[in-house]
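One letter stands for each residue in the lines below.
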Amino acid sequence: MSDKVNVALVGLGFGAEFIPIYEKHPNANIAAICQRNKESLNKIGDEFGIDSSKRYTSYEELLKDPGVDAVHINTPIGSHAPHSIQALKAGKHVACTVPMATTVEECREICELCESTGLTYMMMETVVYSREFLFVKELFDKGELGRIQYLQSSHQQDMDGWPSYWDGLPPMHYATHCVGPVLALQRNRAETLSCFGSGRIEEEMIPIHGSPFAIESCQVTFKDSDVSARIIRSLYSTARQYRESFDAYGSKKSYEWPLVEGENPVIHTIGKPEPEIPERVEVPDFADRLPVEIQPFTGRGVYDSGDNQHLSFTQGGGHGGSHPHLVHEFVSALLEKRAPYPNAPESANITCVGILAHESAMEGGALKQMPEFTLK
């Protein structure tokens, strides 16, 4: 790499959202794209003008391409860790959609590979680069929230109609969207947790993963902190509009996510007369933090138009304008030779909250100690 990072996009469902962002980023190139379905691969390649010699149906062949510096993985959940591990072993930097892995052991292997190779890994967690989170982070960094007293988050959605590999998935196995923000605000690490399951999904789905719960709720403590957080996750058989919420309670001000999509959040300010404590606020866009070439992507999707947009994007309200921020963080970290947020150990900590939370729920709320993940 000199002044540009050559990135390969792997998985072109949700992954195609990122092609034009990398194409327009002043310090990135799309070096290759990869998808198993050749017809779909060529359709997307033609649409975005990707050279036909840089279209791969084989991930293994893509990893042999010396013109690729980094891969951005957007494959199904079960492939995230194996694909990340393959890429690191092939000498490629890795950006990967969430979650990092499905087991603690996979998380540890990725961290160890980053340690031994010096390569960079970043989990592309959308919520910690959403305009809502950036707004709360700015309030905290300026001291307007005061001392953080408590955090809570939820991610509730109806997965009916999604690909069948989601069927019966334990809610906490896909929890990074609600774990990420409670850890990212103060750059905390989760230390212990206890999680309870509640309710029951459809009987035919239960045997797929051996998980009966409609909702899993978790209490998490943080390392070297007196703050704790509550996290709630649901995927099936629960009536709720899509919601990725994040609340931060401070000694001076608190921020609460709106109950209904499209409403403005509420800031509560201590010391005011009771009727004046809550105030609805409009969250600003943070496109000005980005190179001008990719600023427009905070406000619109790029995958497709109309009814063909990816479900995660339409249900998730455009992921809070996070996609160009994720790309910019990854590219900038590589060129500046610094750790991105979240790096491999931070991504492992975020991911393992969900993994261990489900274990805890299956054990009736057993207290779990988080494993340590570090880079020297």
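Before reading on, note that the structure itself is shown above.
Now for a description of the structure that goes with this document. Here the structure is a predicted model, which is why all the values come from computation and not from measurement. (Residues numbered from 1 in each chain as written. Predicted model: local features only at pLDDT ≥ 70, side-chain atom pairs only at ≥ 80, totals over all residues. Heavy atoms only, no water.)

### Notes on the sheet that holds strand E10 (residues 228-234)
And step 1. Ordered in space as E14-E13-E12-E11-E7-E10-E9-E8-E15, the nine strands form an open sheet in which the pairing is mixed. Pairing within the sheet leaves two strands with one partner each, and these edge strands are strand E14 (278-280) and strand E15 (368-369).
And step 2. Relative to E10, strand E7 (residues 148-156) is paired through six bridges, and the arrangement is parallel. The partner of Leu151 across the bridge, within E10, is Ala229.
And step 3. Of the strands in this sheet, E7, strand E8 (190-198), strand E9 (215-222), E10 and strand E11 (243-250) touch helix H7 (residues 176-184), which is tilted by about 165° from E7. (Pairing = 2+ DSSP bridges. Helix = DSSP H or I, 4+ residues; strand = E, 2+ residues; numbered from the N terminus. Contact = heavy atoms within 4.5 Å. Axes fitted to C-alpha atoms, helices over the stretch in contact; angles between N-to-C directions.)

### Quick notes on the environment of Pro181
And step 1. With respect to the helices and strands, Pro181 occurs in helix H7.
And step 2. On a C-alpha basis, the gap between Pro181 and Pro345 in space is 16 Å, while along the polypeptide they are 164 residues apart.
And step 3. When near neighbours in sequence (up to four residues on either side) are disregarded, Pro181 contacts Val127, Val128, Phe133, Thr176 and Phe246.

### Side note on the packing of helix H4 (residues 77-89) against helix H5 (residues 104-117)
And step 1. Remark: H4 packs on H5, axes separated minimally by 10 Å, with the N-to-C direction vectors making an angle of 15°. On the basis of their axis angle, the class for H4 and H5 is roughly parallel. Two packed elements cross with a definite hand, and for H4 against H5 that hand is left-handed. In this structure, H4 uses Ala81, Pro82, Ser84, Ile85, Leu88 and Lys89 to contact H5, whose residues at the interface are Glu106, Glu109, Ile110, Leu113, Cys114 and Thr117.
And step 2. A class-by-class count of the residues in the contact of H4 with H5 yields seven nonpolar, two polar and three charged. (Parallel < 35°, antiparallel > 145°, perpendicular 65-115°, else oblique. Left-handed = near helix turned anticlockwise from the far one by under 90°. Nonpolar A, V, L, I, M, F, W, Y, C, P; charged D, E, K, R; others polar.)

### Let's talk about the pattern of salt bridges
And step 1. Scanning the model with the defined rule gives 16 salt bridges in all.
And step 2. Close ionic contact of Asp226 with Arg147 constitutes a salt bridge, the shortest N to O distance being 2.4 Å. Taken together, the residues span a long stretch of sequence, with Asp226 in the loop between E9 and E10 and Arg147 in the loop between helix H6 (131-141) and E7 at a distance of 79 residues.
And step 3. A network of salt bridges, in which partner residues are shared, links Glu329, Glu336 and Arg338. (Salt bridge = Lys/Arg side-chain N within 4 Å of Asp/Glu carboxyl O.)

### Some details on the sheet that holds strand E4 (residues 70-73)
And step 1. Read from one edge to the other, the open sheet built from six strands follows the order E3-E2-E1-E4-E5-E6, with strand pairing classed as parallel. The open sheet has two edge strands with one neighbour each: strand E3 (55-56) and strand E6 (121-123).
And step 2. Here strand E1 (residues 5-10) runs beside E4; their pairing, made up of four bridges, is parallel. Bridging across to E4, Ala8 finds its partner in Val71.
And step 3. Strands in contact with helix H10 (residues 323-336) are E1, strand E2 (28-34), E4, strand E5 (93-96) and E6; relative to E5, the strand with the most contacts, it is inclined by about 165°.

### Description of the packing of aromatic side chains
By convention here, two paired aromatic rings are described through the distance between centres and the angle between planes.
And step 1. All told, the structure shown has six aromatic pairs when counted by the stated rule.
And step 2. Considering the side-chain rings of Trp166 and Tyr174, the 5.0 Å spacing of their centres and the 85° angle between planes classify their relative orientation as edge-to-face.
And step 3. Exposure remark for Tyr174: the relative accessible area of 13% places this residue in the buried category.
And step 4. Geometry around Tyr341 places Arg187 over its ring, the cationic atom sitting 3.9 Å from the centre. (Phe/Tyr/Trp six-rings, centres within 6.5 Å; stacked < 30°, edge-to-face > 60°. Buried < 20%, exposed > 50% of the residue type's maximum accessible area, 1.4 Å probe, protein only. Lys NZ or Arg CZ within 6 Å of the ring centre and 35° of its normal.)

### As for the environment of Val227
And step 1. As for its placement among the helices and strands, Val227 is situated in the loop between E9 and E10.
And step 2. The exposure class assigned to Val227 is buried, which follows from its relative accessible area of 4%.

### Section: the pairing of E7
And step 1. Of all nine residues that make up E7, seven are buried, and the element is covered over most of its length.
And step 2. Bridge analysis of E7 against E11 gives eight bridges, and the strand direction is antiparallel. What sits directly across from Leu151, in E11, is Ala248.

### Regarding unusual backbone geometry
And step 1. Residue Val98 is joined to Pro99 through a cis peptide bond whose omega torsion reads -10°.
And step 2. Within the element layout of this structure, Pro99 appears in the loop between E5 and H5.
And step 3. The omega torsion across Tyr341 and Pro342 is -5°, close enough to zero to call that bond cis.
And step 4. Inspection of the secondary structure puts Pro342 in the loop between H10 and helix H11 (344-362).
And step 5. A positive phi angle is found at Ser237, which is not glycine, with a value near 60°.
And step 6. If you trace the backbone, Ser237 turns up in the loop between E10 and E11.
And step 7. Classification of Ser237 as partly exposed rests on a relative accessible area of 42%.
And step 8. Phi at Lys337 takes a positive value of approximately 55°, unusual for a residue other than glycine.
And step 9. Counting through the fold element by element, Lys337 comes out in the loop between H10 and H11.

### As for the environment of Phe196
And step 1. Counting through the fold element by element, Phe196 comes out in strand E8.
And step 2. Among the residues examined, Phe196 registers a relative accessible area of 47% and is labelled partly exposed.
And step 3. When sequence neighbours within four positions are dropped, the list of residues in contact with Phe196 reads Ile215, Glu216, Ser217, Ala361, Gly364 and Gly365.

### Some thoughts on the nonpolar core
And step 1. Among the nonpolar cores identified, the biggest contains 119 residues, and Ile19, Tyr22, Val71, Met100 and Leu151 are the most heavily contacted of them.
And step 2. For this core, the leading source of residues is H11, giving nine residues.
And step 3. If we skip the residues at most four places from it in the chain, Val71 touches Ala8, Val10, Tyr59, Leu62, Leu63, Ala87, His93, Val94 and Ala95. (Core = buried A, V, L, I, M, F, W, Y, C linked by side-chain atoms within 4.5 Å.)

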